[in-house]
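# Coordinate inspection notes
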Amino acid sequence: MASSYTRAVNSDISKSIGSRLDLSVEKLIFLATVDFIFTQTVINLLSTASWRGVWNILDIVFAGDGGIWQDAPYTDCLVTCTAALSLNILVYLSAPALQKWSDKLPKYFKIFVTRLYTAIYFIFYMLLWRSFWNLFTLSFTNKMSNPLMFAGSTLILMVLGCFNSVLGNPSSVVLDNTSEYCIISTLFSNWDTSSLARWKVTMIRMVDAISTMVVEVLNILLWYSVDGYNKVVLPSTPEVSRLTQCLIPIGLGLASGLAAFFAQIVLLSLVEGRRGDLGGERGGPWQDRKRR
């Protein structure tokens, strides 16, 4: 029985890394722990640094000294929120065509083009987060609004069946070993449109892109409400130093994340190990479906 639990965990991890694993319990626990700690301390540190760097540059350009809308925060939000929504929708709509085109390119040129695409999309994505975060800061000035924002956004995301999307960047990692690198996960990306007329497919893709933007804004709202709650309950300056103010949430996040990680492994092994739902034999297709 124990071996079936171990195979279930190996199978699930294989879906993420794109190759099949068959590790013993001891190696599985050790390597999974090392991988989690490395991801949370090194990879996510670099990821969050990228977020902050681009975010700060956008703040300087639009609202800093001499910025485009230095003394007009509402105009800033109106223009940048609209631009961010339009640019991200454009990325969603163009991704399939770019994927098909990149598949025809030589290997190294394909790597350059697809990574350049990711960098551009990342800037647009940061513009979305920065713009709506600032809009929420201007709009929600009552601390009592945090519980309402949290409850409302959580409920809507659960009803839409995509609450798990809040655990995206910068808290999670997607590997580059997927065969459809440019394809971005959207709300209705699993719909089969192969038998529909072209105009219907175009309409569905447009609705899908707009709906996905709604989900992204709800994700931002949920993160904003949790950040507001953290500012209330966690110590800050002048009670503690700025370094301590930063280290406390990092430590709490790492500890709670590690506990949740092992709880997930235990639940996974109990559920899938008992019913024998071990998935397929190869990691590649799993990774593709997970990304989409």
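Computed from a prediction, not measured in an experiment: that's the story for all the values here. (Residues numbered from 1 in each chain as written. Predicted model: local features only at pLDDT ≥ 70, side-chain atom pairs only at ≥ 80, totals over all residues. Heavy atoms only, no water.)

### Let's talk about the side chain of threonine 186
Tracing the sequence through the fold places threonine 186 in the loop between helix H5 (145-160) and helix H6 (198-233). Assessed through its relative accessible area of 15%, threonine 186 is described here as buried. (Helix = DSSP H or I, 4+ residues; strand = E, 2+ residues; numbered from the N terminus. Buried < 20%, exposed > 50% of the residue type's maximum accessible area, 1.4 Å probe, protein only.)

### Things to note about the pattern of salt bridges
A complete count under the given rule lists 4 salt bridges for this structure. With a closest N to O distance of 3.2 Å, lysine 110 and aspartate 103 form a salt bridge. Among the residues examined, lysine 110 registers a relative accessible area of 24% and is labelled partly exposed. Aspartate 103 sits in the partly exposed class, given a relative accessible area of 44%. Linking lysine 231 and aspartate 227 is a salt bridge whose minimum nitrogen-to-oxygen distance equals 3.4 Å. Taken as a pair, lysine 231 and aspartate 227 lie in helix H6 at a separation of 4 residues, close to a single helical turn. A relative accessible area of 60% places lysine 231 in the exposed class. Residue aspartate 227 is classed as partly exposed on the basis of its relative accessible area, which comes to 26%. When salt bridges that share partners are traced, they join Asp59, Asp76 and Arg130 into one network. (Salt bridge = Lys/Arg side-chain N within 4 Å of Asp/Glu carboxyl O.)

### A closer look at the layout of surface pockets
Here the idea is plain: a probe the size of a water molecule rolls over the atoms and shows the empty space left. In this structure, the second largest pocket encloses a volume near 640 Å³. At 7 residues, the largest contribution of residues to the lining of the second largest pocket is made by helix H3 (residues 73-102). (1 Å grid on protein atoms, 1.4 Å probe; cavity = no way out; pocket = protein on both sides within 12 Å on 5 of 7 lines; lining within 4 Å. Points joined across faces, edges and corners; volume = space filled by probe spheres on them.)

### Focus: the packing of aromatic side chains
Aromatic rings in a pair are described by how distant their centres are and how their planes are angled relative to each other. Per the stated rule, a full pass over the model turns up 15 aromatic pairs. Taken together through their ring pairs, the aromatic side chains of Trp51, Trp55, Tyr92, Tyr121, Tyr125, Trp129, Phe132, Trp133, Phe136, Phe140, Trp223 and Tyr224 make up a single cluster. Positioned above the aromatic ring of tyrosine 181 is the side chain of arginine 115, whose terminal nitrogen or guanidinium carbon lies 4.1 Å from the ring centre. (Phe/Tyr/Trp six-rings, centres within 6.5 Å; stacked < 30°, edge-to-face > 60°. Lys NZ or Arg CZ within 6 Å of the ring centre and 35° of its normal.)

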